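# Examination of the molecular architecture
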Amino acid sequence: TPLAVALYHFKCVILTKVLTAWSGVVRDRGKMMRFKDKIFYRWRHWTPMFKKLNRLAANAAKWIRLRRLRKSYDVMIQLCLVVVDKRSEALRKMRKYFCDRKLMVCAYALMNKQEHVMMLDCWRRLKLFWLNRRKWKAFRWNYYIEYHQNKTQVIFDAWKAYIQLDSTSRKRT
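Notes on the structure in this doc start here.

The subject of this paragraph is the overall build of the protein chain. Scanning the protein chain from terminus to terminus reveals 3 helices and 0 strands. Element order for the protein chain, N to C, with α for helix and β for strand: α-α-α. Buried residues in the protein chain amount to 9% of all 173 residues. Considering only residue pairs separated by 6 or more positions, the protein chain has 67% of its internal contacts joining residues 24 or more positions apart. On the protein chain, roughly 15400 Å² of surface is accessible, and the fraction owed to carbon and sulfur atoms is 66%.

Right, let's get into a nonpolar patch on the surface. A cluster of nonpolar side chains, contributed by Phe 40, Trp 43, Trp 46, Met 49, Phe 50, Leu 53, Leu 56 and Phe 156, occupies part of the molecular surface with about 780 Å² of accessible area. It is helix H1 (residues 2-97) that contributes the most residues to the nonpolar patch, 7 residues altogether. Relative to the helices and strands, Trp 46 resides in helix H1. Residue classification places Trp 46 among the partly exposed positions, given a relative accessible area of 41%.

Here we take up the pattern of salt bridges. Between side chains of opposite charge, a pair can form as their charged atoms come close. What the rule picks out here adds up to 3 salt bridges. Among the ionic pairs, Arg 70 bridges to Asp 74, the shortest N-O distance being 3.2 Å. Of the two residues, Arg 70 and Asp 74 both sit in helix H1, 4 residues apart, roughly one turn of that helix. We note a salt bridge from Asp 121 to Arg 125, for which the minimum N-O separation is 3.0 Å. With Asp 121 and Arg 125 both in helix H3 (residues 114-168) and 4 residues apart, this pair spans about one turn of that helix. The exposure class assigned to Asp 121 is buried, which follows from its relative accessible area of 18%. What you see here is one network of salt bridges that share partners, running through Asp 121, Arg 124 and Arg 125.

Quick look at the packing of aromatic side chains now. Under the definition given, this model contains 6 aromatic pairs. Geometrically, the ring pair formed by Trp 43 and Trp 159 is stacked, given 5.8 Å between the ring centres and 20 degrees between the ring planes. Taken as a pair, Trp 43 in helix H1 and Trp 159 in helix H3 lie far apart in primary sequence, 116 residues in all. Connected via pairs of aromatic rings, a cluster forms that spans Phe 40, Trp 43, Trp 159 and Tyr 162.

Positive phi values are uncommon outside glycine, yet Asn 112 reaches one of about 65 degrees. Here Asn 112 lies in the loop between helix H2 (101-110) and H3.

Criteria and thresholds
Residues numbered from 1 in each chain as written. Predicted model: local features only at pLDDT ≥ 70, side-chain atom pairs only at ≥ 80, totals over all residues. Heavy atoms only, no water. Helix = DSSP H or I, 4+ residues; strand = E, 2+ residues; numbered from the N terminus. Buried < 20%, exposed > 50% of the residue type's maximum accessible area, 1.4 Å probe, protein only. Contact = heavy atoms within 4.5 Å. Areas by Shrake-Rupley, 256 points an atom, 1.4 Å probe, with all protein chains shown as cover. Patch = residues over 30% accessible without salt bridge, like charges linked within 9 Å, V, L, I, M, F, W, Y side chains within 5 Å. Salt bridge = Lys/Arg side-chain N within 4 Å of Asp/Glu carboxyl O. Phe/Tyr/Trp six-rings, centres within 6.5 Å; stacked < 30°, edge-to-face > 60°.

Pasting the structure below:
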């Protein structure tokens, strides 16, 4: 009968095609999920290592910076001791009467004592260096804060865009 033929056709042919198509959709979806899980697994294991490397690099940079600072302080102390030991008594006497750096520089220049002029100029420059270094560290600290906030925001925006792109490319069921 035609009804029996139609039922047989539905059960064997159309149902097989529908189930085959559905298994293809499910297979593709499973591949995407496994691929996404693999990427997330690698990212999860890479992130702590990246943080550890950054921390080690920061510690190494700090150690090098402290070493250079210590070396420069040692050289500066040696140079200062040579100059200060010879001229400290004269400076102590003059400090009672003169506090103005420019006046002292002029007086030393007129007395033809260029060592004193150079020492006062070096001292002034050293104080400016300390002041500017403190300012530079503060500016650099603020820059790093802004840089890392923006950097992490960009990484998470890219991750979000990838996830949204992946979810929009899936076939709807």
